[in-house]
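Listed here are the chains, written in short residue letters.
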2 protein chains.
Amino acid sequence: MKIIIDAMSGDNAPLEIIKGAVLAAEKQDTDIILTGDRAKINSLCALNSIDLGTRVKVADADGIIDMHDDPMSILKSKKSSSMGIGLELLKNGEGDAFISAGNTGALVVGSTLILRRIKGIKAAAIGSVLPLTRPTMLIDSGANVVVTPETLVQFALMGSVYMKKLYGLESPAVALANNGAEDTKGTPLQIEAYKQLSAVEDLNFIGNIEGRDIPFGKCDVIVADGFTGNMILKLSEGFGLFMGKTLKDIFKKNIRTKLSALLVHGEIGGIKAQLDYKKYGGAPLLGVSAPVIKAHGSSNAEAINSAVAQAIGFAKTGIVGEITSLAAKLRESKAEK
Amino acid sequence: MKIIIDAMSGDNAPLEIIKGAVLAAEKQDTDIILTGDRAKINSLCALNSIDLGTRVKVADADGIIDMHDDPMSILKSKKSSSMGIGLELLKNGEGDAFISAGNTGALVVGSTLILRRIKGIKAAAIGSVLPLTRPTMLIDSGANVVVTPETLVQFALMGSVYMKKLYGLESPAVALANNGAEDTKGTPLQIEAYKQLSAVEDLNFIGNIEGRDIPFGKCDVIVADGFTGNMILKLSEGFGLFMGKTLKDIFKKNIRTKLSALLVHGEIGGIKAQLDYKKYGGAPLLGVSAPVIKAHGSSNAEAINSAVAQAIGFAKTGIVGEITSLAAKLRESKAEK
């Protein structure tokens, strides 16, 4: 396996990304290509006594797409940025997957237009795996704010393939994020999507899921438009932080509460680890012709290592191929009608 | 003050509603009319040794609108249900506010068509006050899944009036629920609403709020369409329950963790009380011609007592009058253009 990593993007780039690449090369037994400013990477390695070894190579790139850049810049002025070069290398088959902790919009646009969408797939979607009662994929978690019912069906199928292949589930339970259980609930988008989702063979559609039930692991895949998905994702993140802060405030209050904290230190650590995005790598971009992972913006070396493990699984299990077959099947069944 | 309460609706009706009415009559020093099956209420009172006293009266009603009933039934077959009679009494000036823990859809439809909307107001909205870092009104939290930017502006103004009058805030900070901070974020609905919200005088619009920031009390009013608002409300509720369950699981694990729990018992209780919907009464329905409160479906006596306190504040502070003036002002400024 050879994994391409955008060395320059993310809050802790490039140092933590470089460290993560070195860590992953060893731990995941893989080759890695770091895309970025070669001089800067080399001097940082020298300064921090980092040895890239034989398995981590650098592909020189010019500039960074930052959070404020227009996503379209990846096709124009920032074509040779660390993200642009990474996608070009992946497109040319010089690696098996690409990871970036950078500008999500640019990664979606770049992946869609440089790698291309899988034939028949209407939109590429970000599938975040939420570390809740059971790992639950939320798709789309932010790439497409306006979608059609047909697109939601494709998101459901892609999410289902991913959870099947990467989490070993036989028949992932898929639910539609909605404001009630009945099939009459939601905006016209959800009402029509419910109908279409119910009609798809090879999909274990279990109906709607309300916000209240989301944390409790009632399904394996939650389907949503990118606006709603983003709200669910960010609110989940926010409540995780809120929960952590609230506990910290309680336990730090006085000697008595500090003693209490000592007694449950291990258990609290366990929960923290469960909710820790760093262990979860990143969010796969599904629907494009090669594996792309959006790592969390605040990724450190450990998170990059997890993302590499995930990227290897993504590439190895043939998820892109499976989605390609499904999309062809959908096109055929549509042509027959 | 005279508060009308739907005695028959809600998970714990009618017994807990009756108990709540008696409690509130004394604690809030108010008259109360319970709408419902008089024979049933009387026999329950006898069975449970409840004395309604001189301040709680019963207005006889026939039947209940349950959770599975079509909301429109309140205008047709279920006109003389406990909810229908309650709204009729309020309309005829026989009380100052109405509280129901029943079918939200029916309450919205009934309030809109029996009480009527305030002139110029496009839609009645439910404004739930979330017990987060600071009390934050989420409007609309579920009444209207499809809205226009103009409607969102009205929700913002109504929520702002409510927080000003009832929470004594001078200039409530209003934010639009969105998937990013910039004014280009969101679906076309949010993009246009952002523009219109920025242009309204007398509104302290502070921009967009992302899901991640919602728990941390960055504003006093969150504006959303009812679909997104419902997702935020229910997810917040879900994460509150998730947090409680997670802590319980930790503390119940063994002797050591049980000891830890004893040490922070008071503090955990404080947080639980903060997050307890029962202390918050219910959600006001804003935009109709008289005060209506949607109490939580699982309301007990204590929650009903809180809802009565809230209903009194709602009626006493002239919120309906203030919204009526604002709506007239909006109409004038529109006519001038």
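See above for the structure.
What this report covers is the structure whose coordinates are included nearby. Model, not experiment: these values are computed from the prediction.

Some details on the sheet that holds strand 7 (residues 173-177) of chain B
All names here are of chain B.
Alright, step 1. Spatially, 11 strands are ordered 3-2-1-4-11-10-5-6-9-7-8 in an open sheet, and the strand pairing comes out mixed. Each having just a single partner strand, strand 3 (56-60) and strand 8 (204-209) make up the two edges of the open sheet. Between one strand and the next, the sheet's axes are offset by a mean angle of 25 degrees, whatever the strand orientation.
Alright, step 2. Where helix 2 (residues 38-47) meets the sheet, its contacts fall on strand 2 (31-36) and strand 3, and the angle it forms with strand 3 comes to roughly 145 degrees.

With respect to the relation of the copies chain A and chain B
Alright, step 1. Superposing chain A onto chain B takes a rotation of 180 degrees plus a shift of 0.0 Å along the axis, which leaves an RMSD of 0.0 Å. Viewed as a symmetry operation, the transformation between the two copies matches a two-fold axis. No C-alpha of chain A approaches the rotation axis more nearly than that of A:Ser260, which lies at 2.1 Å.

Some points on the interface of chain A and chain B
Alright, step 1. Listed per partner, the contact involves 47 residues of chain A and 47 residues of chain B.
Alright, step 2. Summing the contributions of chain A and of chain B, the shared interface buries around 4600 Å²; its carbon and sulfur component is 76%.
Alright, step 3. Linking A:Glu237 and B:Arg212 is a salt bridge whose minimum nitrogen-to-oxygen distance equals 2.2 Å.
Alright, step 4. Counting the contacts that link chain A with chain B gives 11 residue pairs in polar contact (both at pLDDT 80 or more).
Alright, step 5. Listing elements by their share of the side of chain A that touches chain B, those giving two or more residues are helix 6 (188-199), helix 7 (226-251), helix 8 (255-263) and helix 9 (265-274) of chain A.
Alright, step 6. For the side of chain A that touches chain B, the leading source of residues is helix 7 of chain A, giving 19 residues.
Alright, step 7. Class assignment of the residues belonging to the side of chain A that touches chain B gives a composition of 24 nonpolar, 15 polar and 8 charged.

Details of helix 10 (residues 301-316) of chain B
Residues and elements named next belong to chain B.
Alright, step 1. The terminal C-alpha atoms of helix 10 lie 22 Å apart, and with 16 residues this matches the ideal 22 Å at 1.5 Å per residue to within 8%.
Alright, step 2. Extensive coverage of helix 10 is indicated by the burial of 12 of its 16 residues.
Alright, step 3. The N-terminus of helix 10 is capped by Asn300, whose side-chain oxygen sits 3.2 Å from the backbone nitrogen of Glu302.
Alright, step 4. Looking one or two residues beyond helix 10, the residue adopting positive phi is Gly318, at roughly 70 degrees.

Points about a positive patch on the surface
All names here are of chain A.
Alright, step 1. Together, Lys248, Lys252, Lys258 and Lys272 make up a region of like positive charge exposed at the surface.
Alright, step 2. Take Lys248: it is sitting in helix 7.
Alright, step 3. On the accessibility criterion, Lys248 (52% relative accessible area) is exposed.

A word on the pattern of salt bridges
Opposite charge on two side chains lets them pair, provided their charged atoms get close.
Residue and element names in this part refer to chain A.
Alright, step 1. Counted according to the given criterion, the structure contains 28 salt bridges over all chains.
Alright, step 2. Residue Arg55 pairs with Asp29 through a salt bridge whose shortest N-O separation is 2.4 Å. Taken together, the positions of Arg55 in the loop between helix 2 (38-47) and strand 3 (56-60) and Asp29 in the loop between helix 1 (15-27) and strand 2 (31-36) put the pair 26 residues apart, joining distant regions of the chain.
Alright, step 3. Given the relative accessible area of 29%, Arg55 is considered partly exposed.
Alright, step 4. Between Lys78 and Asp69 there is a salt bridge whose closest N-O contact spans 2.8 Å.
Alright, step 5. Looking at Lys78, the relative accessible area reads 23%, which means it is partly exposed.
Alright, step 6. Residues joined in a network through salt bridges with shared partners are Asp29, Asp31 and Arg55.

A word on the pairing of strand 8 of chain B
Residue and element names in this part refer to chain B.
Alright, step 1. As paired elements, strand 7 and strand 8 share 5 bridges and run parallel to each other. Residue pairing in the sheet places Val174 in a bridge with Phe205 of strand 8.
Alright, step 2. Crossover handedness for the path strand 7 to helix 6 (residues 188-199) to strand 8: right-handed.

Details of the sheet that holds strand 7 (residues 173-177) of chain A
All names here are of chain A.
Alright, step 1. Sheet architecture is open: 11 strands sit in the order 3-2-1-4-11-10-5-6-9-7-8, paired in mixed fashion. The sheet is open, and its two edges are formed by strand 3 and strand 8 (204-209), each paired on a single side. Neighbour-to-neighbour, the strand axes of this sheet turn through a mean angle of 25 degrees, independent of strand direction.
Alright, step 2. Looking at chain direction, strand 1 (residues 2-6) and strand 4 (residues 97-100) are connected through 3 bridges and run parallel.

Section: the packing of aromatic side chains
Alright, step 1. Throughout the structure, instances matching the rule amount to 9 aromatic pairs over all chains.
Alright, step 2. Consider the rings of A:Tyr194 and A:Phe205, whose centres lie 5.2 Å apart with planes at 80 degrees: the pair is edge-to-face. A residue pair is termed long-range when its members are at least 10 positions apart, and A:Tyr194 in helix 6 and A:Phe205 in strand 8 qualify at 11 residues. Of the two residues examined, A:Tyr194 and A:Phe205, each falls in the buried class.
Alright, step 3. Summarising the aromatic geometry, the rings of A:Phe242 and B:Phe216 are spaced 5.8 Å apart at their centres and angled 80 degrees between planes, so their arrangement reads as edge-to-face. In this pair, A:Phe242 is assigned in helix 7 and B:Phe216 in the loop between strand 8 and strand 9 (221-223), connecting two distinct chains.

Procedures and definitions
- Here, residues in each chain are numbered from 1, in the same order as that chain's written sequence.
- Chains carry letters from A onward and ligands carry numbers from 1 onward, assigned in written order.
- The model is predicted, so local features are restricted to residues of pLDDT at least 70 and side-chain atom pairs to those at 80 or more, both for listing and for counting; the totals for chains, interfaces and linings are taken over all residues.
- To obtain the side-chain values, all non-hydrogen atoms of the structure were included, while hydrogens and water were left out.
- At least two bridges found by DSSP between two strands is the condition for calling them paired.
- Numbering of helices and strands runs from the N terminus, with a helix taken as a DSSP run of H or I at least four residues long and a strand as a DSSP run of E at least two residues long.
- For helices, the fitted line uses only the C-alpha atoms of the stretch in contact; every axis is such a line through C-alpha atoms, and the angle between N-to-C directions lies from 0 to 180 degrees.
- Whether two residues are in contact is decided by their heavy atoms: any pair within 4.5 Å suffices.
- Copy-to-copy superposition: least squares on the C-alpha atoms, limited to residues that have pLDDT of at least 70 in both copies.
- Buried area: the sum, over both parts, of the accessible surface (1.4 Å probe) that disappears when the two are put together.
- Each reported salt bridge corresponds to a side-chain nitrogen of Lys or Arg within 4 Å of a carboxyl oxygen of Asp or Glu.
- Nitrogen and oxygen atoms within 3.5 Å of one another constitute a polar contact, given that in protein one can donate a hydrogen and the other can accept it, and given that sequence-neighbouring residues count only through two side-chain atoms.
- Polar here means any residue other than Ala, Val, Leu, Ile, Met, Phe, Trp, Tyr, Cys and Pro, which are nonpolar, and Asp, Glu, Lys and Arg, which are charged; Gly is therefore polar.
- Expected span, for any helix, means 1.5 Å times one less than how many residues it has.
- Only protein chains enter the area calculation, which uses a 1.4 Å probe; residues under 20% of their type maximum are buried, those over 50% are exposed, and those in between are partly exposed.
- Note on patches: the residues involved have over 30% relative accessible area and no salt bridge, like charges join within 9 Å, and the nonpolar side chains Val, Leu, Ile, Met, Phe, Trp and Tyr join within 5 Å.
- Surface exposure here means Shrake-Rupley accessible area, sampled with a 1.4 Å probe, where a residue is shielded only by the protein chains that are shown.
- For the purpose of counting charges, residues Lys and Arg are taken to be positive, whereas Asp and Glu are taken to be negative. His and the chain ends are not included.
- Charge positions are represented by NZ for Lys, CZ for Arg, CG for Asp and CD for Glu.
- Orient the strands so they point away from the viewer, and a crossover whose first-strand-to-second-strand path over the helix runs clockwise is right-handed.
- Any Phe, Tyr or Trp ring, taking Trp's six-membered ring, that has another such ring centre within 6.5 Å forms a pair; planes under 30 degrees apart are called stacked, those over 60 apart edge-to-face, and the others tilted.

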